[in-house]
Amino acid sequence: MAREYDKLVRDDIPRIVRESGETPVVHVADDEEFDRRLREKLVEEAEEFAESGRVEELADVYAVVDAVLARRDEDWETVETAAREKAAERGGFEDGVVLERVE
């Protein structure tokens, strides 16, 4: 019985599927599709972390962000600099402020 996934997976997943006795059907994404699927994967992994709160899911978010940065020929320093600039302008998330509404 076939199961449909149609999503970006880690590079070793096809091998793992074959080792389990099943046959993976895959293709390698072109540049445009790869970038789109990485964005989709980031949302998927963030939702999984939001549901479970498990650090293992946060590690998946980290791996996807790392792949996005590599595709853009950027590094974590770029993200850290942008984060520091946003924190200086708007603050961080240390205090747990919840905006209920603006009247």
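Refer to the structure presented above.
Quantities reported herein were computed from a predicted structural model and do not represent experimental measurements.

A.B. asks: How do you make sense of helix 4 (residues 76-90) when you look at a structure like this?
C.D. replies: Between its first and last C-alpha atoms helix 4 spans 21 Å; for 15 residues at 1.5 Å apiece the expected length is 21 Å, and the two agree. Of the residues that open helix 4, the one with a side-chain oxygen 3.1 Å from the backbone nitrogen of Glu77 is Asp75. Looking one or two residues past helix 4, Gly91 carries a phi angle of roughly 90°, positive in sign.

A.B. asks: Is there a simple way to explain the pattern of salt bridges in this structure?
C.D. replies: Should the charged atoms of two oppositely charged side chains come close, the side chains can pair. Under the definition given, this model contains 15 salt bridges. The partner of Asp60 in a salt bridge is Arg10, with the nearest N and O atoms 2.7 Å apart. A residue pair is termed long-range when its members are at least 10 positions apart, and Asp60 in helix 3 (residues 55-71) and Arg10 in the segment before helix 1 (13-19) qualify at 50 residues. Overall, the relative accessible area of 19% leaves Asp60 in the buried class. Notably, a salt bridge pairs Lys41 with Glu44, separated by 3.4 Å at the nearest N-O pair. Of the two residues, Lys41 and Glu44 are both situated in helix 2 (residues 31-52); the distance of 3 residues between them amounts to about one turn of the helix. Per residue, the accessibility class of Lys41 equals that of Glu44, and both read buried. Ionic contacts of the salt-bridge type, sharing partners, join the residues Lys7, Lys41, Glu44 and Glu45 into one network.

Reading the values: the criteria
Residues numbered from 1 in each chain as written. Predicted model: local features only at pLDDT ≥ 70, side-chain atom pairs only at ≥ 80, totals over all residues. Heavy atoms only, no water. Helix = DSSP H or I, 4+ residues; strand = E, 2+ residues; numbered from the N terminus. Expected span 1.5 Å × (residues − 1). Polar contact = N/O pair within 3.5 Å; in protein donor to acceptor, adjacent residues only side chain to side chain. Salt bridge = Lys/Arg side-chain N within 4 Å of Asp/Glu carboxyl O. Buried < 20%, exposed > 50% of the residue type's maximum accessible area, 1.4 Å probe, protein only.

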